Structure formats: structure tokens, C-alpha cells
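Breakdown of the fold
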Amino acid sequence: MSSAMAAAESLARSVAGIAGDPLRSVILHGSLSAGGFRPGRSDIDLLAVVDGGLTDARAAAVERLVRQADAGGAAAIDLHVVTSESAAAPVRAPALELYVGRHRTGLEIERRVAAPDLLAELSMARADGRTLWGAAPGEVIGPVPTDWVVDRGRHWLLTWRSLTDDAAHAAFMVLTACRIWHFAVENAHCSKPRAARWALARRPRLTAVRQAIEQYERDPATTVDEHAIAELLDHVLHASSPVG
């Protein structure tokens, strides 16, 4: 077992201890579950489903847990907590009970907000998630319409279109754009590296994709050309449009 997987399983057990009887499930998703995990580059992604929500005391305990947890070599920890009602019948902006993200820049916390980006988390967890505690993903997460996930992805493509000079996030934008494109065409989630190779197989001249995968997998100093990023974003916007 990898150190990151051991850390994820330890986190799941600790969340179960904090949440108590209302907890229905803790699901691992993302690269550590589906493949493509890169130590020091990839995150531990967890989704916890609870009946009725968390008390403030339990939410604070979960926040402390994530702050202090061993990440097992992962770059970050992302824990989303949703109610069983929200997970069972997703809407376009699902209710998020709690989000705790521990990244290199610090701790990010959200409590009881509408979260459109949660759609993709629910969709990935249902499709490729691995149960670490409790019920299986398909028992607690209802179907998420494909077009809702694509629509939210297109929101980010349009946002990033004005941020192509953001060198710190260039590879993330490019590789996530590939994942959005892959999902729009194939109706299936996949890892960043797999999506990048799929994109290059379809359109080999996408320079930004080659540069981003080089930076992600081999040489962090590789530059991703901003004009090439714009070209990719424009292409994925067209390819993912309802009439694309």
C-alpha cells in the first residue's frame, strides 16, 4: 500500500470517528482512486456523506483533523462533506455542508454554501470512487447529468481564457481543459495524464498540452506558452459546445 493510500484510509477512519452515526460513507476519488497519482503533485480527494449535516463542534473537529493529518506524500488534501439528501439528488449548485482543503498556500474552509463545482466531485466519486468507509458510491450518490458537468467545465474554460498569462497555474488549466474535453466527448472521467494523451491523439499539434504534460510529469521548469493555452481553450470550448 502506498503512503498516500494509507493516509487516505487513516483520514477516513478519523472522519468516521468524528461524525459518528450520521456518517453514511467516505469515498476516495480522483487520481489516487482512478490512477495517475503523482507523489508531491497529486491530491488526496475525499467525499464524506452524512445524514442531516454536521454540528459546529464536529465540523471544527474535521477542520483540525485535516490541518494536522499526514498527507502521505500527497501535495494536498481536499475533503468535501455533503448531506445524504444533497448527494442522492444532485442539483446544479449542490449544497456543500463543509469543505476543508489543505494546500501549500494554507487551509481553505467553506461551510454550508451552494457549490456548482461540487457537481464534478459527485460525478467522479459516483463513477470511479473507492469506498473507504460505509456505503458504496452508487448507494449514496445519485446520477449527475452529463451536460451539467460539461456546462460547469465550460464556465472554467471561459474564465481561464482571460488568465492564459498565469504561469503558476498554466499546466493545471491545460490538463484540466483536456479532462473537460475528454468527458464531453467520451462521457467518462480520467486522470490528467490520460486526458492529455487522449487530446494529443486527436490533435497532435496542441503545443500547450505537450508542454503541460512535460511540466507535470518530468520537468517543473518547463514553460507553457500562453498563446498555445488560448488555442487549446478555444478548441475545447468549440468541441464541448452543444453544437460543437
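Here is what the cut-offs are and how they apply
Residues numbered from 1 in each chain as written. Predicted model: local features only at pLDDT ≥ 70, side-chain atom pairs only at ≥ 80, totals over all residues. Heavy atoms only, no water. Phe/Tyr/Trp six-rings, centres within 6.5 Å; stacked < 30°, edge-to-face > 60°. Helix = DSSP H or I, 4+ residues; strand = E, 2+ residues; numbered from the N terminus. Buried < 20%, exposed > 50% of the residue type's maximum accessible area, 1.4 Å probe, protein only. Salt bridge = Lys/Arg side-chain N within 4 Å of Asp/Glu carboxyl O.

Turning to the packing of aromatic side chains, a few remarks are in order. In the structure shown here, the tally under the stated rule is 3 aromatic pairs. Measuring from ring centre to ring centre gives 6.0 Å for Trp160 and Phe172, while their planes differ by 75°; the resulting arrangement is edge-to-face. Highlighted residues: Trp160 in helix H7 (residues 146–160) and Phe172 in helix H8 (residues 170–186), separated in sequence by 12 residues. Classification of Phe172 by relative accessible area gives partly exposed; the value is 44%. Put simply, the rings of Trp156, Trp160 and Phe172 pair up and form one aromatic cluster.

Considering all chains together, one arrives at 13 salt bridges under this definition. One salt bridge in this structure joins Asp117 and Arg152, with 2.7 Å as the shortest N-O distance. Note that Asp117 is positioned in the loop between strand S5 (106–114) and helix H5 (118–128) and Arg152 in helix H7, a separation of 35 residues in sequence. A relative accessible area of 21% places Arg152 in the partly exposed class. The residue Arg205 makes a salt bridge to Glu231 at a minimum N-O spacing of 2.5 Å.

Taken by themselves, the reported measurements are silent on function.
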